[in-house]
Amino acid sequence: MAEKKQLRIGMIGAGGIASAMHLPGWSKIDEAEVVAVADVSQKQLDAVKNGFGITKTYHDFTEMLANENLDAVDICAPNKIHPPAALAALEAGCHVLCEKPLAVSTDDVRRIGKSADAKGLKLMTAQHMRYTSSAMAIRNWVEDNRLGKVYHAKVFATRQARLPISPGFINSELSGGGPCMDIGVHALDMAMWLMDFPTPSRVMGTSKVNFARGYKIPGAWGEWDRNLFSVEDFAAGFIKFRNGATLSIETSWLGHHLEEESFSCELLGMKGGVRWPSTEFCATSNGSFMNGKLKIPASSDVPHHAEIRDFVDCILNDTPSPVPWTETIKVIAILEGIYASQKTGRNVVIAGKSVPK
Ligand SMILES: NC(=O)c1ccc[n+]([C@@H]2O[C@H](COP(=O)([O-])OP(=O)(O)OC[C@H]3O[C@@H](n4cnc5c(N)ncnc54)[C@H](O)[C@@H]3O)[C@@H](O)[C@H]2O)c1
């Protein structure tokens, strides 16, 4: 008889990222088993049945939660499903790993976070980029106090023509945002993590549709429904933090950027500066500048799989969530502030009570 695994996992959403990364990641974990999957699409359910041998399938995640006596769920559905799915899972007593963004509003992040805290359950946002070798090498260097106090960060998540074409990304009813919420969230989380999550106080931002409703730039990933396109294709912002630091961010799916894709952040500190993911750094010693590149340790681990491993470990060892909602809420406050600033044309004040210090 096959050995019974310690943790029963349910998957909510069985599309691209679930099939490409999460399900293969879960299959490497000895202590856990994905026993059931919920997806509104029969095609996707058939695909995971055939590809991963998961026979318990549901169209409605609430039925899966009621029937399967799960220990944890992994949410890989479109962004707008994250809050109802996370809240229902927590209500059913499950720990939650949720794809980014955990929610597209600070109100929803707080609601989900408080529910997890009240129930003593683990809640982790799936920020897999923290598990890349370059990010870990930079984080170790920062923890060695090589950067000093960060006074400014530059964050880029820009693409010339890589616009994701599925409704889950371009229809604001499903995604709640364009490149800000899709890719800006990754690079911004990285910068904030390396800065030790300062509290944002003001945001000035812009979010626009420059090209995606017209035909000027052909998408590298195929055609999309122009009528359904209801998010931004470009956004930028300037953020002030309560500790005096500042951050600029640019994010785009379509535009005349010089590089096909640029995913990076650069941190300027009082002792040094560093760029992710290149790991190039600059420091001063005895009055002269020294430039270099950090050594990146070789790793065969897939970042998404390392993230799942860390989630399982925090459940089994009862340690804090590796990516807690109190960090995520600061990232979402900034992205939400960019949209609010576009609407009002003003600089948005992030109220003290809306994000933890
Ligand atoms: N971290 C990463 O590298 C990464 C990459 C891509 C996507 N994502 C995130 O993962 C999530 C899913 O993205 P994707 O690319 O897999 O999208 P996708 O469209 O390929 O898959 C989403 C799946 O969710 C299903 N779904 C829709 N509504 C549902 C519901 N109510 N209940 C259950 N299932 C439902 C859809 O049928 C689909 O199969 C998004 O939040 C996205 O931001 C993360």
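What you see is a predicted model, and the numbers here were worked out from it, not measured in a lab.

(A) View of the site of the ligand. Looking at the ligand, there are 24 residues lining it, with Gly16, Ile17, Asp39, Asn79 and Lys100 nearest. In the model, an oxygen atom of the ligand is placed 2.6 Å from a nitrogen or oxygen of the aspartate 39 side chain. At 3.0 Å from an oxygen atom of the ligand is found a side-chain nitrogen or oxygen belonging to histidine 82. Protein coverage of the free-state accessible area of the ligand, which is 840 Å², stands at 81%.

(B) Examining the packing of helix H6 (residues 133-143) against helix H9 (residues 179-194) more closely. Packing of H6 against H9 leaves a shortest axis separation of 10 Å and a crossing angle of 25°. The angle between the axes of H6 and H9 places the two elements in the roughly parallel class. In this structure, H6 contributes Ala135, Ile138, Arg139 and Val142 to the contact, and H9 contributes Met190, Trp193 and Leu194. Partitioned by chemical class, the residues of the contact of H6 with H9 number 6 nonpolar, no polar and 1 charged.

(C) Geometry of the sheet that holds strand S10 (residues 246-252). In spatial order, the strands read S14-S13-S12-S11-S7-S10-S9-S8-S15; together these 9 strands make up an open sheet with mixed pairing. Looking at which strands have only one partner, the edges of the open sheet turn out to be strand S14 (288-293) and strand S15 (348-349). On the sheet, helix H11 (residues 325-344) packs against strand S8 (200-208), strand S9 (234-241), S10 and S15 and is oriented at approximately 55° with respect to S8.

(D) Looking closely at the side chain of asparagine 79. Positionally, asparagine 79 belongs in the loop between strand S4 (72-75) and helix H4 (82-91). Among the polar contacts listed, one links the side chain of asparagine 79 to the backbone oxygen of serine 175, at a separation of 2.9 Å. Ignoring anything within four residues of it in the chain, the contact list for asparagine 79 reads Lys100, Pro101, Val104, Leu174, Ser175 and Met181.

(E) Expanded view of unusual backbone geometry. With an omega dihedral of -15°, the bond running from lysine 100 to proline 101 counts as a cis peptide bond. Relative to the assigned elements, proline 101 resides in the loop between strand S5 (95-99) and helix H5 (106-119). Look at the link from tryptophan 276 to proline 277: it is a cis peptide, with omega at 5°. Backbone geometry at phenylalanine 197 places phi at a positive 50°, although glycine is not the residue there.

(F) Local environment of the packing of aromatic side chains. Using the criterion set out here, one finds 3 aromatic pairs in the structure. Centre to centre, the rings of tryptophan 26 and phenylalanine 311 are 6.4 Å apart; their planes meet at 85°, and the pair counts as edge-to-face. Here tryptophan 26, found in helix H1 (residues 16-27), pairs with phenylalanine 311, found in helix H10 (residues 303-316); they are 285 residues apart in sequence, far enough to count as distant. Given the relative accessible area of 3%, tryptophan 26 is considered buried. The exposure class of phenylalanine 311 is buried, given its relative accessible area of 0%.

(G) The packing of H5 against H11, seen in detail. Axis separation between H5 and H11 bottoms out at 9 Å; the angle between their running directions is 170°. With respect to their mutual orientation, H5 and H11 come out roughly antiparallel. Judged by residue contacts, Thr106, Val109, Arg110, Gly113, Lys114 and Asp117 of H5 engage Trp325, Thr328, Ile329, Ile332, Ala333 and Glu336 from H11. Per-class residue counts for the contact of H5 with H11 are 5 nonpolar, 3 polar and 4 charged.

(H) Spotlight on the sheet that holds strand S6 (residues 123-126). What the 6 strands build is an open sheet, ordered S3-S2-S1-S4-S5-S6; its pairing is parallel. One side of each edge strand has no neighbouring strand; the edge strands of this open sheet are strand S3 (56-58) and S6. Averaged over all pairs of adjacent strands, the angle between their axes in this sheet comes to 25°, without regard to strand direction. Examined bridge by bridge, strand S2 (residues 32-38) and S3 share 3 bridges and lie parallel to one another. Paired with alanine 38 across the two strands is tyrosine 58, which belongs to S3. Across the sheet, H10 is in contact with strand S1 (7-12), S4, S5 and S6; its angle to S5 comes to roughly 160°.

(I) Inspection of H11 at higher detail. Under the 1.5 Å per step criterion, the end-to-end length of H11 is 27 Å for 20 residues, consistent within 8% with the ideal 28 Å. Once H11 ends, the next one or two residues include glycine 345, with phi positive near 75°.

(J) Geometry of the side chain of arginine 159. As for its placement among the helices and strands, arginine 159 is situated in strand S7 (residues 150-159). A polar atom in the side chain of arginine 159 sits 2.8 Å from the side chain of glutamate 261. Those residues in contact with arginine 159, other than ones at most four positions away along the chain, are Asp182, Ile183, Trp221, Ser252, Trp253, Leu254, Gly255, His257, Glu260, Glu261 and Phe263.

(K) Expanded view of the nonpolar core. The biggest cluster of nonpolar side chains holds 86 residues, and the ones touching the most others in it are Val96, Leu247, Trp276 and Leu335. No other element matches H9, which puts 11 residues into this core. Two domains each put at least three residues into this core: domain 1 (7-129 + 304-323) and domain 2 (132-295 + 331-354). Each residue touching leucine 247, except ones within four places of it in the same chain, is listed here: His152, Ala153, Val155, Leu188, Ala191, Met195, Gly237, Phe238, Ile239 and Phe241.

What counts, and where the lines are drawn
- Residues numbered from 1 in each chain as written.
- Predicted model: local features only at pLDDT ≥ 70, side-chain atom pairs only at ≥ 80, totals over all residues.
- Heavy atoms only, no water.
- Near = heavy atom within 4 Å.
- Polar contact = N/O pair within 3.5 Å; in protein donor to acceptor, adjacent residues only side chain to side chain.
- Areas by Shrake-Rupley, 256 points an atom, 1.4 Å probe, with all protein chains shown as cover.
- Axes fitted to C-alpha atoms, helices over the stretch in contact; angles between N-to-C directions.
- Helix = DSSP H or I, 4+ residues; strand = E, 2+ residues; numbered from the N terminus.
- Parallel < 35°, antiparallel > 145°, perpendicular 65-115°, else oblique.
- Contact = heavy atoms within 4.5 Å.
- Nonpolar A, V, L, I, M, F, W, Y, C, P; charged D, E, K, R; others polar.
- Pairing = 2+ DSSP bridges.
- Phe/Tyr/Trp six-rings, centres within 6.5 Å; stacked < 30°, edge-to-face > 60°.
- Buried < 20%, exposed > 50% of the residue type's maximum accessible area, 1.4 Å probe, protein only.
- Expected span 1.5 Å × (residues − 1).
- Core = buried A, V, L, I, M, F, W, Y, C linked by side-chain atoms within 4.5 Å.
- Domains from an automatic or database assignment.

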